[in-house]
Amino acid sequence: MKFEGLGDILSGNGVPDKIYVDVLNPRLPVQEEENLALGQNLAPVEGSFMFFAPLALDEKSKVIYSETLDGWYDETLEKLEIRKAAVSANITSEVPANITLAIKPINVKGEEISDVECEPVTIAASSEPQPIKISLNGKIRDLDGIIINATLSGNGEAMSPADNITMDNFKVTVSGEYIDEL
């Protein structure tokens, strides 16, 4: 059965967990039945169907993902002041859309550390590894973790659960000061 005009069904704030479809005037195909018991009351026929449909986002669509990695703070980080940081890696993305990636440092209160600039990177859909480098510039003290923000921009191609993002050769470099008493 063809469903047209469903392009805007997922518009709004977030993606629903379920979409219900009411089928009006359902029909069963004509088929041959053998050994059907006659003269008996049969229970109602019930059923449910689950289908997976690939998700295709158009150019106006965006998926925003955010992850907080924290709990890093200890007596070593207490003595560290970072002025510049860079995260580099090789990324292979099978997702058929561009992904913009940015990092924000957070302090021990879970707040974003202000006055730190991040140069986000864009990862293209490709089966070849792409080198990326995300740079952070600014004074970072009391570092307890980072917030990773990824924004996926659609291009009309369907995505599937089999699409992978692989990262290797992951490196972090920092410059700043480590102040301790002898």
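Here we summarise the structure given alongside this text. One numbering rule holds for all chains: residues counted from 1, following each sequence as written. Whole-chain, interface and lining totals are the exception, using all residues; otherwise, since this is a predicted model, local features are given only for residues with pLDDT of at least 70 and side-chain atom pairs are given and counted only at 80 or more. Each side-chain value is worked out from all heavy atoms of the structure, with water and hydrogens disregarded.

Turning our attention to the pattern of salt bridges. Two side chains of opposite charge can pair, provided their charged atoms sit close to one another. Salt bridge, as used here, is a side-chain nitrogen of Lys or Arg placed within 4 Å of a carboxyl oxygen of Asp or Glu. Applying the stated criterion across every chain yields a total of five salt bridges. One salt bridge connects Glu-81 with Arg-83, and the closest N-O pair in it is separated by 3.6 Å. For Glu-81, a relative accessible area of 11% gives the class buried. A salt bridge links Glu-81 to Arg-141; the shortest N-O distance between them is 3.8 Å. One end of the pair, Glu-81, is in strand S3 (residues 80-93); the other, Arg-141, is in the loop between strand S7 (126-140) and strand S8 (143-153), with 60 residues separating them in the sequence. Remark: exposure states derive from per-residue accessible area (1.4 Å probe, protein chains only) relative to the maximum for the residue type, with buried under 20%, exposed over 50%, and partly exposed in between. Secondary structure elements follow DSSP: runs of H or I no shorter than four residues count as helices, runs of E no shorter than two count as strands, and numbering proceeds from the N terminus.

Structurally, the position occupied by Thr-92 is in strand S3. The contact definition used throughout considers only heavy atoms, calling two residues in contact when any of these lie within 4.5 Å. Setting aside anything within four residues of it in sequence, one finds Thr-92 in contact with Ser-126, Ser-127, Glu-128, Pro-129, Asn-164, Ile-165 and Thr-166.

This paragraph deals with the pairing of S8. Buried residues dominate S8, accounting for eight of its 11 residues. Two strands form a pair only when DSSP identifies at least two bridges running between them. For strand S2 (residues 62-70) and S8, the ladder comprises nine bridges, and the chain directions are antiparallel. Across the sheet, residue Leu-69 finds its bridge partner in S8, namely Ile-146. Bridging between strand S4 (residues 98-107) and S8 involves 10 bridges; their strand directions are antiparallel. Directly across from Leu-101, in S8, lies its bridge partner Ala-150.

A positive phi is found at Asp-115, a non-glycine position, where the angle reads about 60°. Positioned with a positive phi, Asp-142 is a non-glycine residue whose angle comes to about 55°. Among the structural elements, Asp-142 can be located in the loop between S7 and S8. Here Asp-142 falls in the partly exposed class, since its relative accessible area comes to 31%.

On to a negative patch on the surface. Surface patches are drawn from residues lacking salt bridges whose relative accessible area is over 30%; two like charges belong together within 9 Å, two nonpolar side chains (Val, Leu, Ile, Met, Phe, Trp, Tyr) within 5 Å. Per-residue accessibility takes into account occlusion by the displayed protein chains alone, with areas from the Shrake-Rupley method and a 1.4 Å probe. Positive residues here are Lys and Arg, negative ones are Asp and Glu, while His and the chain termini are left out of the count. Here the site of a charge means NZ on Lys, CZ on Arg, CG on Asp, or CD on Glu. Together, Asp-74, Glu-75, Glu-78 and Asp-142 line one region of the surface with negative charge. Positionally, Asp-74 belongs in the loop between S2 and helix H1 (75-78). Note on Asp-74: relative accessible area 39%, which makes it partly exposed.

Take the sheet that holds S3 next. Spatially, S5-S7-S3-S10 is the arrangement adopted by the four strands of the open sheet, whose pairing is antiparallel. Each of the sheet's edge strands pairs with one partner strand only, and the pair in question is strand S5 (117-119) and strand S10 (165-178). Strand-to-strand, the axes of this sheet are offset by a mean angle of 10°, without reference to chain direction. Axes here refer to lines fitted to C-alpha atoms; in helices the fit is confined to the stretch in contact. Angles between the N-to-C directions go from 0 to 180 degrees.

A few words on the nonpolar core. Residues grouped as a nonpolar core are buried Ala, Val, Leu, Ile, Met, Phe, Trp, Tyr and Cys residues, joined through side-chain atoms within 4.5 Å. One finds Leu-101, Ile-132 and Leu-152 to be the most contacted residues of the largest nonpolar core, which totals 26 residues. Contributing elements (two or more residues each) for this core: S3, S4, strand S6 (121-123), S7 and S8. A per-element tally of this core places S3 first, with six residues. With near-sequence residues (within four places) excluded, Ile-132 lies in contact with Val-87, Ser-88, Ala-89, Ile-91, Leu-101, Val-121 and Ile-123.

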